[in-house]
Amino acid sequence: MTLEQIEALAALARPIDDSEADSERQIEAENTFFDACVEVDAETFESDNDSEFSRFCLKATSEERIDEALKLIRAHFAAAHAPGMH
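The present account deals with the structure reproduced in this document. (Residues numbered from 1 in each chain as written. Predicted model: local features only at pLDDT ≥ 70, side-chain atom pairs only at ≥ 80, totals over all residues. Heavy atoms only, no water.)

1. Remarks on the overall build of the protein chain
So, point 1. Counting its secondary structure elements, the protein chain contains five helices and zero strands.
So, point 2. Relative to its length of 86 residues, the protein chain is compact, with a C-alpha radius of gyration of 13 Å against a globular reference of 12 Å.
So, point 3. Taking the principal axes of its C-alpha atoms as reference, the protein chain extends roughly 45 × 25 × 15 Å.
So, point 4. Counting only residues that meet the buried cut, the protein chain has 31% of its 86 residues in that class.
So, point 5. Residue pairs in contact within the protein chain that sit at least 24 positions apart in sequence constitute 55% of those at least 6 positions apart. (Helix = DSSP H or I, 4+ residues; strand = E, 2+ residues; numbered from the N terminus. Rg over C-alpha atoms; globule rule 2.2 N^0.38 Å. Buried < 20%, exposed > 50% of the residue type's maximum accessible area, 1.4 Å probe, protein only. Contact = heavy atoms within 4.5 Å.)

2. Description of helix α1 (residues 3-13)
So, point 1. Among the residues making up α1, those that are buried are Leu3, Ile6, Ala10 and Ala13. Down the axis of α1, the buried set is contained in an arc of 80°. They therefore lie on one face. Seen from the open side of α1, the exposed residues pointing more than 90 degrees away from its buried face are Glu4, Ala11 and Leu12. (Arc of directions from axis to C-beta.)

3. So, the packing of α1 against helix α5 (residues 62-80)
So, point 1. Where α1 contacts α5, the axes come no closer than 11 Å and their chain directions differ by 180°. Looking at the two axes, α1 sits roughly antiparallel to α5. Facing Leu3, Ile6, Glu7, Ala10 and Ala13 of α1, the residues of α5 in contact are Ile66, Leu70, Ile73, Arg74 and Phe77.
So, point 2. Residues belonging to the contact of α1 with α5 are distributed by class as follows: eight nonpolar, no polar and two charged. (Axes fitted to C-alpha atoms, helices over the stretch in contact; angles between N-to-C directions. Parallel < 35°, antiparallel > 145°, perpendicular 65-115°, else oblique. Nonpolar A, V, L, I, M, F, W, Y, C, P; charged D, E, K, R; others polar.)

4. Let's talk about the packing of helix α2 (residues 24-40) against α5
So, point 1. Running from N to C, α2 and α5 point in directions that differ by 25°, and their axes come no closer than 11 Å. Taken together, the axis directions place α2 and α5 in an arrangement best described as roughly parallel. As α2 packs across α5, the resulting crossing turns out to be left-handed. Between α2, through Gln26, Glu30, Phe33, Phe34, Cys37 and Val40, and α5, the contact on the second element is made entirely by Ser62, Arg65, Ile66, Ala69, Leu70, Ile73, His76 and Phe77.
So, point 2. Tallied by class, residues from the contact of α2 with α5 come to nine nonpolar, three polar and two charged. (Left-handed = near helix turned anticlockwise from the far one by under 90°.)

Listed below in structure tokens is the structure:
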């Protein structure tokens, strides 16, 4: 999974408008996005861990969860592609 693919999934996971928040489409898209995040960085995104991200999600909106996840995924990709890292 590439960063661009995850960013595309994040865009699909966002509610189109306020009335669409928590709709079946939005929830399924958000779940697909987070499944991709787990695939890339399970340590950070596994739901059964007590990570900083898991604690953040307890009080966050969908938009906030997606934004924070993208920040963490971008950092993960940057670290993985930093000079000297393979």
